[in-house]
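# A structural walkthrough
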Amino acid sequence: MTPSPARRLLRRTGALLAAAPLLAALPLLPAAAPAAASAPSSAAADATGTSTVDIAVNGLTPQVPSEQDTVTVRGKITNRGKQTVTDAHVGLRVGVPYSGRSAIDNAAKNSSGGVQDGTEVAGKYAKKFARLAPGATQDFSLSVPAKELHLGADGVYQISVALKGQTAALPYQQTLGIQRTFLPWQPDGADTRTRTTVLWPLISDTHLTAETGADEQQTPVFGDDSLAKQIGPGGRLQQMLELGSDLDVTWVIDPDLLASVDAMTGTYKIKGADGKFTSGRDQALAKEWLSNLQNAVQSQKVVTLPFADPDLASLAHSGTKVTGSLGHLKDATDAAVTTVDTILHVRPDTSYAWPAEGAVDPDIVKVATSAGADKIIARSDSFGESSALAYTPSAARPIGGGATAVVADARLSTAFQGDMARAENSTLAVQKFLAQSLMLNLQTDKQRSVVVAPQRMPTTGQAHSLAQAVRALQGSTWSQSQTLPAAATAKPDPGATTHVPSSRSYPASLRKQELSQSAFQQIQNTQNALENFKVVLTDRSRVVTPFGRAMDREMSTSWRSKSDPSHTFRDSVGKYLSGLTGQVQLIKKSDVRLSGRSATIPVSVQNNLWQDVDHLVLRLTSKNGTRLKIGDGAFEDKTVKIASGHSQSVKFTTTAKATGPVTVYAQLFTEDNQPYSKRIAFTVDATEITPTVMLVIAGGVLLLVLAGFRMYTQRKRAVAAQQVNDGPQDDSAEAAQSEPEESQAPTARADVPQQPSDPTADTTSESAAPSGTGERVDR
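Being a predicted model, the structure only gives us computed values, none of them experimental.

Parameters at a glance
- Residues numbered from 1 in each chain as written.
- Predicted model: local features only at pLDDT ≥ 70, side-chain atom pairs only at ≥ 80, totals over all residues.
- Heavy atoms only, no water.
- Helix = DSSP H or I, 4+ residues; strand = E, 2+ residues; numbered from the N terminus.
- Buried < 20%, exposed > 50% of the residue type's maximum accessible area, 1.4 Å probe, protein only.
- Contact = heavy atoms within 4.5 Å.
- Areas by Shrake-Rupley, 256 points an atom, 1.4 Å probe, with all protein chains shown as cover.
- Polar contact = N/O pair within 3.5 Å; in protein donor to acceptor, adjacent residues only side chain to side chain.
- 1 Å grid on protein atoms, 1.4 Å probe; cavity = no way out; pocket = protein on both sides within 12 Å on 5 of 7 lines; lining within 4 Å.
- Points joined across faces, edges and corners; volume = space filled by probe spheres on them.
- Nonpolar A, V, L, I, M, F, W, Y, C, P; charged D, E, K, R; others polar.
- pLDDT = per-residue confidence, 0-100.

Our next topic: the overall build of the protein chain. Across its full length, the protein chain carries 22 helices and 30 strands. Of all 779 residues assigned to the protein chain, the portion counted as buried reaches 49%. Across the protein chain, the fraction of contacts at a sequence separation of at least 24, relative to all contacts at a separation of at least 6, is 78%. Split by element, the accessible area of the protein chain, about 36500 Å² in all, is 52% carbon and sulfur.

Here it is as structure tokens:
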């Protein structure tokens, strides 16, 4: 039952009265310091310090106790001193409630050592140790009924574990170690609960490369096998999925992660550091992870980032200086919808942008909204608060232009940074998180919406700590769960800051982590090369899709503070594209000798791609169009279409106007006159028949004619003499004899060598039509 106002007032008054003796005693506590300082030796002084014994609190349950619960604190004590500690006991101490959120921050910074504080709970709940040698470690567990803690009004109380004992140097009871933590206390339901949104990010590093197989399925290629480890048993992403499935959270997903895991469900390759490929074997693991994720998100809200989680701040500060960079953000947003819808079968919300660390400035807001997002997830340590506001306002802030800043609470969002694999760190972080949440709720009776936006890629330890805290928070009496869209559309606080911080206030530490302008120029160079390449392809999707997604990955937020790996990845994408482009190339041409005035020159083009190419133009250019014409001028273009895996010879008609060598260039262009390949050069050497040679040839021909005429006259004389010797004959016989003479004359002329045409040396005129597909290539 909700307590009545009178009962609340009574409990709060009682808490103040109970705390009064403690507050009055605090000034008297330092009086023991001079006695310790007057110890005769430094060893004795070390032994009396509260850092002599290290106390680690590894667990506190329940994290949010009720009046009927028993509070259990577990941990370890370690003697860091040089003397044995004897007659010692570990007890629980309870201090006064904290006055505000800043007081909790200060206490967390000084959680161990210093003067003892608070009142020790009854000795029967203490753990005794007869002897603790130097370097020795002992476990402890203290269990105290919540009623015995004598907590008063709702609030956050300091709870400490302290060890008192003695040493040979100072044989009297003294505090040798102390560790403080926080105990949120609100056993009855709050009059007004804070609506809390927790973002649960499923984001990873880049794993897929731009490379794909030349087969029909375009087998994907991974840069390493680390993703399989992350989604496998005990892996970071497997733990994130398992933990998030049991919580009421808003999933924030990078579609690139989904696409990468989905690529593992079929045949895939892994490229090793030596460049060799091995076959992936974790298809079953990928299918199981995706199936579990599909089940987990069906009843929960899913927010998707643009594909590969582009670095919005880098785009705003450097990318906008390179023409075309913003176009990648729009493409990444469009790809996100298709990817999530296809793989998870849910319609994602793409209206949110999440800059790194929630740091914003006007340029970042402008870039983020350029791709369609109208809600920017910021963080309060970047966005700032109005000094006139006495409480933490709701997350939603209208910032103009139809955009809303959803300002996450910095204290809650950064609570689990650092090494959470150590139990003592995790326990303190969880209790501090819960303490800050309760203190936020106690600031005012006005209901507010609060957002928790943790680090993008929590470690396994950080994820477990966050899940533990969220689970306790969702079972508490002062908080209730809420989705991110509900928080973004909640009514803003009138006094909350709505002014976006200036560019000058953007953290310098974050700016140093950003991608440089040269990185975006390199990305744009790859884009330009892709645009030039795709126009000659008959199936552009085989290239446009993998390279488009690869360029999205080049802008990923995950590259922050990883300049060398980022540069290596960009280089690999550009080199791979260049290698593909070079699969359509001109075959090196040898020099050509023309022995006549005109000839046909073949130039061969080779296509080693997995698909046909079209819309290519082969241009043959004469360096001296006056001496050697190509076609009707100094150059000639011919359209080229080549089947996959074939070569083709393209033939050009040339005319020499003068003798001597002329340099000729061959180069491939796209139909829109953009250079496709590097040009190759070869020499065409034109020769001509000299007048002396012509006279010699003419003289030879004349001698042949004269010899033929002489032979003819001699035969005629022979025939006439024969007729005289044989006597007169009738006309029919003479006619019969004359017919063979007439028929034999052509035969005699055919036996005589005839005048040849222009001699053919290296190249002759022939059909200028292009060769058929797959014919022998002329080099």
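Structure's up, so let's keep going.
As for its placement among the helices and strands, Ser-622 is situated in strand 25 (residues 613-622). Considering only alpha carbons, one finds Ser-622 and Tyr-665, 43 residues apart in sequence, at a separation of 6.5 Å. Setting aside chain neighbours within four positions, we find Ser-622 in contact with Leu-628, Ile-630, Ala-634, Val-662 and Thr-663. Reaching out from Ser-622, the side chain makes a polar contact with the backbone oxygen of Leu-628 at a distance of 2.9 Å.

The next point concerns empty space enclosed by the protein. Per the stated rule, a full pass over the model turns up five cavities of 30 Å³ or more. In this model, the largest cavity occupies a volume close to 120 Å³. In terms of lining, the largest cavity is formed by 17 residues, of which the most central are Pro-306, Leu-329, Thr-333, Tyr-352 and Ala-353. Of all the elements in the fold, those that place two or more residues in the lining of the largest cavity are helix 10 (325-344) and strand 16 (352-353). When residues in the lining of the largest cavity are grouped by element, the largest group, three residues, is from helix 10. Its residues assigned to classes, the lining of the largest cavity shows 12 nonpolar, three polar and two charged.

With that settled, consider the confidence of the model for the protein chain. Considering every residue of the protein chain, the mean pLDDT works out to 86; 85% of them sit at 70 or more. At the level of individual helices and strands, the protein chain shows its lowest average pLDDT in helix 2 (residues 32-37), which scores 35, and its highest in strand 20 (residues 449-452), which scores 98. Under a pLDDT of 50 for its full length, residues 1-47 has, in the predicted model, 39 contacts with residues more than four places off or in other chains.

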